[in-house]
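Results of the structural survey
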Amino acid sequence: MSMFRHVYFGIVSREHGEFSARVELPDRPAVTVTCASEGALVGAVDQELGRVLGCDTSGIEVYLFGSEGGEEPVYAGAAVFDGEVWHTQFPAQHDLSTGLSVLPSPSYANAEQTVRASLAEAVGRPGEALDIEFFEIVPEAA
């Protein structure tokens, strides 16, 4: 799994005219960055992650996904391919108090189905009613 240990993703939300991104970090507290514009947020997240992780920002790959709010939450997660299997990253968000822990999957489709079922169970709503943005990430080295 070391091939993508510097791939992170975060959920972007917008409140009161400000944009915030929450990025989950393995074995560390999540990083939250707030900016006045979405454009400024991208660079600020890179800089803050570099500072927290103690590394150059060129070694960090960050994917930010939007969440506009509204009555029903939009959940976001990703499956990262390591050349053999898909590792799911699905952080705490909205009414999901902790990130989902999903075993590696043999296919992207299987990872997506497993996430939907796990999320439905965790939040107590039917899986087909959940709005999930689930992204496929294949690092260049894979």
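Residues numbered from 1 in each chain as written. Predicted model: local features only at pLDDT ≥ 70, side-chain atom pairs only at ≥ 80, totals over all residues. Heavy atoms only, no water.

Observations regarding the confidence of the model for the protein chain
Selection rule: Confidence of the predictor in every single residue is expressed as pLDDT, which spans 0 to 100. For helices the rule is a DSSP run of H or I covering at least 4 residues; for strands it is a run of E covering at least 2, with both sets numbered from the N terminus onward. Two residues form a contact once any of their heavy atoms are found within 4.5 Å.
Here the protein chain shows a mean pLDDT of 83. Residues at 70 or above account for 90%. Taken element by element, the protein chain is modelled with least confidence in strand β4 (residues 61-67), mean pLDDT 74, and with most confidence in helix α2 (residues 108-123), mean pLDDT 94. Across residues 1-5 the pLDDT falls below 50, and counting only partners more than four positions away or on other chains, this stretch makes ten contacts in the model.

Let's talk about α2
So the rule is basically this: A helix is expected to span 1.5 Å multiplied by its residue count minus one.
Taking 1.5 Å per residue, 16 residues should reach 22 Å; α2 reaches 22 Å between its end C-alpha atoms and fits that length. A positive phi of about 70° marks G124, the residue just after α2.

Side note on the packing of aromatic side chains
Rule in force here: The criterion for an aromatic pair is that two Phe, Tyr or Trp rings (for Trp, the six-membered ring) have centres within 6.5 Å, with stacked assigned to planes under 30 degrees apart, edge-to-face to planes over 60 apart and tilted to the rest. For each residue, the accessible area found with a 1.4 Å probe, counting protein chains only, is set against the maximum for its type, and the residue is called buried under 20%, exposed over 50%, and partly exposed in between.
This model, assessed by the stated rule, comprises three aromatic pairs. Between F81 and W86 the ring centres are 4.8 Å apart and the planes differ by 40°, which places this aromatic pair in the tilted class. Taking the relative accessible area as the measure of exposure, F81 reaches 18% and is therefore buried. Among the aromatic residues, ring-to-ring pairing joins F81, W86, Y108 and F134 into one connected group.

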